[in-house]
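Chains, contacts and geometry: an overview
Here's the letter readout for the chains.
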Amino acid sequence: YYRGGEFYCELVYPRIFVVYVLGDVLRPGPVEIAAPFRLDMIITAAGGVLDRGSLREIQVRDPDGNAKMYDLVRLQRLGELAQNPMLHEGQSVFVPSRGGAAEVSGEVWRGASYEVVPGETVMDLVHLSGGFTTNADRGRIVLERITRENEVSIIKLNEQSADTTVVQDRDVIVVPDSRSF
């Protein structure tokens, strides 16, 4: 015992964890990273997701085999922090190939082609694209869909029906300008 003394403690090296990142990333395999770290950091450490890889259905697997899906597009576009979990030693990350895609255009803030997650609705993609602009006609959303006979089917939706209409691969969602005729 030393009375009246002061004690200083410094962390010289943080503990290093190994997480396996597999699938469509630039450098698949074991990635060493110092704790704490999140999903987006481990994918960046593996070189990032390839163009053919999915940012929307990333699987984090526990050592016991349980897997959870995470969507980094929802993190980046909507700020959903729950889509970027802390990872722990023994977990692995799998980035699958990209699935089908749908196009969003017209009076939305960030029209683009978005990978479609099963069960996703027209309004889900509108939200991913930044939502409606002030000039959007929310009552005349147009969904262009390719039928099995390779014909284009035009479906007109209002905001409520768009919230329940499930998007398919190769769909095109057009939000018209309320000022157009």
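Reading the values: rules and limits
- Residues numbered from 1 in each chain as written.
- Predicted model: local features only at pLDDT ≥ 70, side-chain atom pairs only at ≥ 80, totals over all residues.
- Heavy atoms only, no water.
- Core = buried A, V, L, I, M, F, W, Y, C linked by side-chain atoms within 4.5 Å.
- Buried < 20%, exposed > 50% of the residue type's maximum accessible area, 1.4 Å probe, protein only.
- Helix = DSSP H or I, 4+ residues; strand = E, 2+ residues; numbered from the N terminus.
- Contact = heavy atoms within 4.5 Å.
- Pairing = 2+ DSSP bridges.
- Axes fitted to C-alpha atoms, helices over the stretch in contact; angles between N-to-C directions.
- Patch = residues over 30% accessible without salt bridge, like charges linked within 9 Å, V, L, I, M, F, W, Y side chains within 5 Å.
- Areas by Shrake-Rupley, 256 points an atom, 1.4 Å probe, with all protein chains shown as cover.
- Salt bridge = Lys/Arg side-chain N within 4 Å of Asp/Glu carboxyl O.

Things to note about the nonpolar core
Core analysis: the biggest nonpolar cluster contains 20 residues, and Val122, Leu125, Val126, Phe132, Ile141, Val167 and Ile173 have the highest contact counts within it. Those elements that place two or more of their residues in this core are strand S6 (101-106), helix H3 (122-128), strand S8 (141-146) and strand S10 (172-175). In terms of residues, this core owes the most to one element, H3, which gives five residues. Residues contacting Val126, with those up to four places away along its chain left out, are Val108, Gly131, Phe132 and Ile173.

Things to note about the sheet that holds strand S9 (residues 152-157)
Judged by pairing direction, the sheet is mixed, and its five strands sit side by side in the order S7-S6-S10-S8-S9 without closing on themselves. One side of each edge strand has no neighbouring strand; the edge strands of this open sheet are strand S7 (112-115) and S9. When the angles between neighbouring strand axes are averaged without regard to direction, this sheet yields 20°. Examined bridge by bridge, S6 and S7 share four bridges and lie antiparallel to one another.

Examining the pairing of strand S4 (residues 67-70)
Along any regular strand, the residues point their side chains to alternate faces of the sheet. Inspection of the sheet shows strand S3 (residues 58-61) paired to S4 by four bridges, in the antiparallel sense. Residue pairing in the sheet places Arg61 in a bridge with Ala67 of S4.

Some remarks on the sheet that holds strand S1 (residues 16-23)
Pairing between the strands of a sheet is mediated by backbone hydrogen bonds and can be parallel or antiparallel. The five strands lie next to each other as S2-S1-S5-S3-S4, forming an open sheet whose pairing is mixed. The strands lining the two open edges of the sheet, one partner per strand, are strand S2 (29-34) and S4. Averaged over all neighbouring strand pairs, the angle between strand axes comes to 30°, with direction disregarded. As defined by bridge partners, S1 adjoins strand S5 (residues 92-95) across four bridges and the pair is classed as parallel. Bridging from a neighbouring strand, Val21 pairs with Val93 of S5.

Quick word on the environment of Gly99
With respect to the secondary-structure elements, Gly99 resides in the loop between S5 and S6. Separated by 43 residues in the primary sequence, Gly99 and Arg56 have C-alpha atoms spaced 9.0 Å apart.

A look at a nonpolar patch on the surface
A cluster of nonpolar side chains, Val18, Tyr20 and Leu22, forms an exposed patch at the surface whose accessible area comes to about 240 Å². Positionally, Tyr20 belongs in strand S1. Its relative accessible area of 43% is what places Tyr20 among the partly exposed residues.

A closer look at the pattern of salt bridges
As enumerated under the stated definition, the model contains nine salt bridges in all. Residue Asp137 is joined to Arg140 by a salt bridge in which the shortest nitrogen-to-oxygen separation is 2.5 Å. Taking the relative accessible area as the measure of exposure, Asp137 reaches 17% and is therefore buried. Residue classification places Arg140 among the partly exposed residues on the basis of a relative accessible area of 36%. For Arg138, the salt bridge goes to Glu159, with nearest N and O atoms at 3.5 Å. Highlighted residues: Arg138 in the loop between H3 and S8 and Glu159 in helix H4 (residues 159-162), separated in sequence by 21 residues.

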